[in-house]
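# Survey of secondary and tertiary structure
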Amino acid sequence: MVSRVRAAVMYPGRMETRSFDYPAPEEDEMIVKMHMSGVCGSDKHQFDGHLKVDFPVIPGHENVGEVFETTESASSRMEVHGEPLQKGDRILWYPDISCGTCHYCRFLGTWHSAQCENPFTYGYVNCEKEEFRPWIFGGWSEYTLLRPGTRVWRIPDGMVDEVAVLLDTLASTRAIARAQMPYPNQKEGFGYGDTVVIQGAGPVGLMAAVRAKVLGAESVIMLGAPDWRLKVAEEFGADVTLSLETYDTPEARIAEVKRLTKGIGADLVADCTGIPSAFPEAVEMARKSGYVVEIGAYTDYGPIPFNPWRLVDRDLTVIGQFYCPPMQYEADLKMLKNTMDRFPYRKMLTHIVPLDKAVDAISAHRALRSMKAAITPS
Ligand SMILES: [Zn+2]
Ligand SMILES: [Zn+2]
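Below, the structure is looked at part by part. (Residues numbered from 1 in each chain as written. Chains lettered and ligands numbered in written order. Predicted model: local features only at pLDDT ≥ 70, side-chain atom pairs only at ≥ 80, totals over all residues.)

## Quick look at the pairing of strand β1 (residues 4–11)
We apply this condition: Paired strands, in this sense, are two strands between which DSSP finds at least two bridges. Runs of E in the DSSP output that reach at least two residues are strands. Runs of H or I that reach at least four are helices, and both are numbered from the N terminus.
As paired elements, β1 and strand β2 (residues 14–21) share eight bridges and run antiparallel to each other. Residue pairing for β2: Tyr11 is matched across the bridge by Arg14. The hairpin turn running from β1 into β2, its antiparallel successor, is two residues long, and Gly13 in that turn takes a positive phi close to 80°.

## Considering helix α10 (residues 278–285)
An α-helix turns once every 3.6 residues. As a result, residues three or four positions apart point the same way. Going by this rule: Each residue is classified by how many other C-beta atoms fall within 10 Å of its C-beta atom, where C-beta atoms are placed from the backbone; a count of 20 or more means buried, 12 or fewer means exposed, and values in between mean partly exposed. Each residue is represented by a C-beta atom placed from its backbone, and any two residues with such atoms within 7 Å are regarded as in contact.
For α10, the set of buried residues is Ala278, Glu281, Ala282, Val283 and Met285. Each element contacted by the buried residues of α10 is listed here: β10 (195–199), α9 (250–260), β13 (266–271), β14 (286–294) and α11 (309–313).

## Observations concerning unusual backbone geometry
Most peptide bonds are trans, and most residues other than glycine sit at a negative phi. Looking along the chain, the bond that leaves Arg133 and enters Pro134 is cis, with omega of 0°. Within the secondary structure, Pro134 is located in the loop between β7 (120–121) and β8 (143–146). A positive phi angle, near 70°, is found at Asp28, a position not held by glycine. For Asp28, the position within the fold is in the loop between β2 and β3 (30–39). The phi dihedral of Asp315 is positive, around 55°, even though this residue is not glycine. Structurally, Asp315 is set in the loop between α11 and β15 (317–320).

## Comments concerning the environment of Glu29
Relative to the elements of secondary structure, Glu29 occurs in the loop between β2 and β3. For Glu29, a count of 19 C-beta atoms within 10 Å gives the class partly exposed. When residues no more than four places from it in sequence are discounted, the contact partners of Glu29 are Thr71, Ala74, Leu145, Leu146, Arg147 and Pro148.

## Description of the nonpolar core
Counted only if it meets this: We define the nonpolar core as any set of buried residues of the types Ala, Val, Leu, Ile, Met, Phe, Trp, Tyr and Cys, connected via C-beta atoms lying within 7 Å of each other.
Residues Ala208, Ala209, Met222, Leu268 and Ala270 are the most contacted members of the largest nonpolar core, which totals 103 residues. If we ignore the near neighbours within four places in the chain, the residues touching Leu268 are Ile176, Ala179, Phe190, Asp194, Val196, Gly290, Tyr291 and Val293.

## Topic: the environment of Thr144
Among the structural elements, Thr144 can be located in strand β8. Classification of Thr144 by C-beta neighbours within 10 Å gives buried; the count is 29. Expressed as a C-alpha distance, the spacing of Thr144 and Val67, which sit 77 residues apart in the sequence, is 9.9 Å. Apart from residues no more than four positions distant in its own chain, Thr144 is found in contact with Val32, Met34, Asn63, Gly65, Tyr122, Ile136, Phe137, Gly138 and Gly139.

Written as structure tokens, this is what we have:
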């Protein structure tokens, strides 16, 4: 009989391990025994105080676990395809439960939008307030309670936890697929045979390269640092890598991208850096009528000088993207499964640490010592 649940609790700038009462699941609820939970760039941002969070929280929104204790109603309804779930089934779930009543839920739909104004989000729930009892709503915990309305997927046979935990990172690059609209074969929008520049060789940059390749990119040029990350990127679809140590000014980087694209520029440039000054560089690297997608700016680092004339002069389309709608998980779980032989996903996960070492995973991320890190709670 489990009676207590150990979890890593985050405060601004510090973590501690605490224990909570193990709750009995109620109608439409399910308890998951956690296998693994990813460390996301946003976890670092919230630890550093750059993301507004209702502290303290049990972090962890990129979650993989197994059904541990479930009610009849949850096991028959919670899986997205309506397949019944049994104790021991390996699952993952979309981290938001939409409110269903805000403007975006009403008009964009809870299955198609990530824009809900008032979502319940695993990994971001205050773990002291009475209204959020029993509090174990983040993946950096031995067990997690899944609330009614959670969208759950069964993990395909043959896909190990270390790959399944990367699904959310892949899903976060969906803006590249959005850039396929409207008419790829008329050179409007990103299409088969195009050249893509990706700024940033972290996990999001690598997944952006994977997505670009799977969608038909002829050539992926990746800019990043340190060099070991670029080396890994070569196994994830980067055809050419440009080191920030060699190309250490914006002018040098833009000139090299231009040279590699016969003076034209790239069809699509994806900023996956999280450094605001990368955006004006992206604009200069894109060809006329090309696309710039902004995936990296996941927290507010403040404004930068920018000349809007450059967007007009170059006739660019810019796509900003906030996270992904739930059904991106459906498509991307298939993409992950169907490309497991093509990309060595397991290699992306360089750090796997236990609960009480969660803070080490954040430090490794900050120092660029890790590619992707994950917590193994039990
Ligand atoms: Zn994330
Ligand atoms: Zn809503």
